[in-house]
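Notes for the structure review
In case you want the letters, here they are:
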Amino acid sequence: MLGTLADSLVVAGKLPRIAAGVEPRGGVVQAGGCAQPQGRKRVHELKLKGRSHDIPKRLVWDAWLKVKEKGGAAGADGVSIEQFEEDLSGNLFRLWNRMSSGSYFPGPVRAVEIPKQGGTRVLGIPNVVDRVAQKAAAMALEPNVEPMFHEDSYGYRPGRAPVDAVAVCRERCFRKDWIVDLDIRAFFDSVPWELMLRAVARHSAQKWVVMYVERWLKAPMQRPDGTLVQRVKGTPQGGPISPLLANLFLHYGLDAWMVREFPAVAFERFADDAVIHCVSERQARRVRDAVARRLVEVGLELHPDKTRIVYCKDSNRRETYEQVSFTFCGYTFRPRKAYNQRRHVAFTGFMPAVSAGKLTLMSRRVASWRIHRRVNLTLDDLAAGINQVLRGWLAYFTTFYPSAVSPLCDRIDRHLMRWARWKYKRLERSGKRARAWLTGVQSRTPELFVHWRYCAPPS
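Predicted model only: the values in this text are computed from it and were never measured.

When helices and strands are counted, the chain shows 16 helices and 13 strands. In the chain, buried positions account for 48% of the 459 residues. Counting only contacts in the chain whose residues sit at least 6 apart along the sequence, the fraction spanning at least 24 positions is 66%. Carbon and sulfur atoms form 50% of the exposed surface of the chain, whose accessible area is close to 23,900 Å².

Attention now moves to the pattern of salt bridges. With the rule as written, the count across this model stands at 17 salt bridges. For the salt bridge of Asp62 with Arg58, the shortest nitrogen-to-oxygen distance reads 3.0 Å. Within this pair, Asp62 and its partner Arg58 are both found in helix 3 (residues 57–70), separated by 4 residues, close to a single helical turn. Of the charged contacts in the structure, one is a salt bridge between Arg94 and Asp87, with a shortest N-O distance of 3.2 Å. Residue classification places Asp87 among the partly exposed positions, given a relative accessible area of 35%. Within this structure, Asp152, Arg172 and Glu268 form a network of salt bridges that share partners.

Positionally, Glu85 belongs in helix 4 (residues 81–86). Look at Glu85 and you get partly exposed, because its relative accessible area is 31%. Through-space distance from the C-alpha of Glu85 to that of Trp64 is 9.8 Å; in sequence the pair is 21 residues apart.

Now for a positive patch on the surface. Side chains of Lys116, Arg121, Lys306 and Lys358 sit close together on the surface and give a patch of like positive charge. Mapped onto the elements of the fold, Arg121 is located in strand 4 (residues 119–125).

Below, the discussion takes up the sheet that holds strand 11 (residues 326–328). Picture the strands of a sheet paired through backbone hydrogen bonds; they go either parallel or antiparallel. Spatially, 3 strands are ordered 11-12-13 in an open sheet, and the strand pairing comes out antiparallel. Bordering the open sheet on either side are strand 11 and strand 13 (345–354), each of which pairs with just one other strand. Mean inter-strand twist for the sheet, computed between neighbouring axes without regard to direction, equals 50°. Note: strand 11 against strand 12 (residues 331–340), 3 bridges, orientation antiparallel.

In this section: the side chain of Asn387. Locating Asn387 in the fold gives a position in helix 14 (residues 379–397). In this structure, Asn387 is in contact with Leu448, Phe449 and Val450, ignoring residues within four places of it in sequence.

Pairing within the open sheet is antiparallel, and its 4 strands lie in the order 8-9-5-10. What marks the edges here is a single partner per strand, and that holds for strand 8 (267–270) and strand 10 (308–311). Pairs of neighbouring strands in the sheet enclose a mean axial angle of 20°, with direction left out of account. Against the sheet, helix 7 (residues 162–175) contacts strand 5 (178–183), strand 8 and strand 9 (273–278), and its axis sits at roughly 160° relative to strand 8.

Both trends apply: most residues other than glycine have a negative phi, and most peptide bonds are in trans. Notably, Tyr156 is not glycine yet its phi reads approximately 55°, a positive angle. Looking at the element boundaries, Tyr156 is found in the loop between helix 6 (128–145) and helix 7. Its identity is not glycine, yet His344 carries a phi of approximately 60°, on the positive side. Here His344 lies in the loop between strand 12 and strand 13.

Counting across every chain of the model gives 24 aromatic pairs. Here the aromatic rings of Tyr396 and Phe397 are separated by 4.8 Å at their centres, their planes lie at 75°, and the arrangement is edge-to-face. For Phe397, a relative accessible area of 8% puts it in the buried group. Grouping aromatic residues by their ring pairs yields a cluster made of Tyr104, Trp208, Tyr212 and Trp216.

Reading the values: the criteria
- Residues numbered from 1 in each chain as written.
- Predicted model: local features only at pLDDT ≥ 70, side-chain atom pairs only at ≥ 80, totals over all residues.
- Heavy atoms only, no water.
- Helix = DSSP H or I, 4+ residues; strand = E, 2+ residues; numbered from the N terminus.
- Buried < 20%, exposed > 50% of the residue type's maximum accessible area, 1.4 Å probe, protein only.
- Contact = heavy atoms within 4.5 Å.
- Areas by Shrake-Rupley, 256 points an atom, 1.4 Å probe, with all protein chains shown as cover.
- Salt bridge = Lys/Arg side-chain N within 4 Å of Asp/Glu carboxyl O.
- Patch = residues over 30% accessible without salt bridge, like charges linked within 9 Å, V, L, I, M, F, W, Y side chains within 5 Å.
- Lys, Arg positive; Asp, Glu negative; His and termini not counted.
- Charge placed at Lys NZ, Arg CZ, Asp CG, Glu CD.
- Pairing = 2+ DSSP bridges.
- Axes fitted to C-alpha atoms, helices over the stretch in contact; angles between N-to-C directions.
- Phe/Tyr/Trp six-rings, centres within 6.5 Å; stacked < 30°, edge-to-face > 60°.

Pasting the structure below:
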């Protein structure tokens, strides 16, 4: 298979040197699957002499494919993925050559502020070439650390998703009356480098992985005005290797420690957010205080305002407590009305549904599309663009308590009615006729817009 891949890429120029372990010799390109010269031992991957580190070319190529698939903006050097691809073989060969010889040094990461509830979060966007290098190191390190991670660690792991963490949390909230909602203050900005590098070195026999992780951690951050900020701790959010490093650090900093100190206490963690389930308020306070002390030992701290003890109140748990809700992975857990179809009775359950903050962000995103002004599009074209985004949102946020997304669906319908009034003169002066028009469209083509699967017809 590898030989076939290399043969297909020979036509493209130098690219086979990266894609399939190919080595130029005397102006002739030879693929790893071809017959070897007399006296040379056959190996799976040809290794060039004079390299300090044995980094497979195929690893760099596979890392590039994943970076390209994910996409993303340009880094501090301004080179986009499309521009990087213009000289793909040369760029990848230079990266592999420098990483193999130890002469690769990453550029600064570009600081980008994104909104979050209560403020902004600063992401660090590496250059495209640095993203490829980070992804290669992550792919080399991940097989060593993934098997040891705790089963209740869900963040950025293969075969696991945020909805899995929410589902497990929901089941445990049914069984335990109290939870501790943990929030680590500025985790990605506070991770101590020394402890991080010790953890990486413990699980990687490849010296180049440890060496380049240290260089990525120490890479400066470039602000929007062009100034460089030197960092002394933390790992910037936005790099391909940051989630793996975060999981590795918190495995030792929290997960493994919880197993040792509180083996009977269940928890779920997604990246730096965690929920711990307790049987009583007293136990919850004891666990919270112990976790706070533990995090201080590893250079972190709990956010004093966002870390809370919550009572999982429902029809059977009727104590009075100031905190009866918390948010985890975009879902807010709180007492909600429910109906038991088997017994035909209404009750109050402690259940998750899309959080108000997420609902607001999605509504603002829809408003930013200015749907009513896209009168040059047909309804089918409009649906194709809208559905591309809505499909992902609704697939996630309707897993539990789907009726909570109804305000978003209603808002989209209002935008569609406004679009119709701008596009069709017969509807321009009558909101009632626009509403009747949209109801008719939904009755004739109920699958046209994704959100109509979850919401009642516009009224």
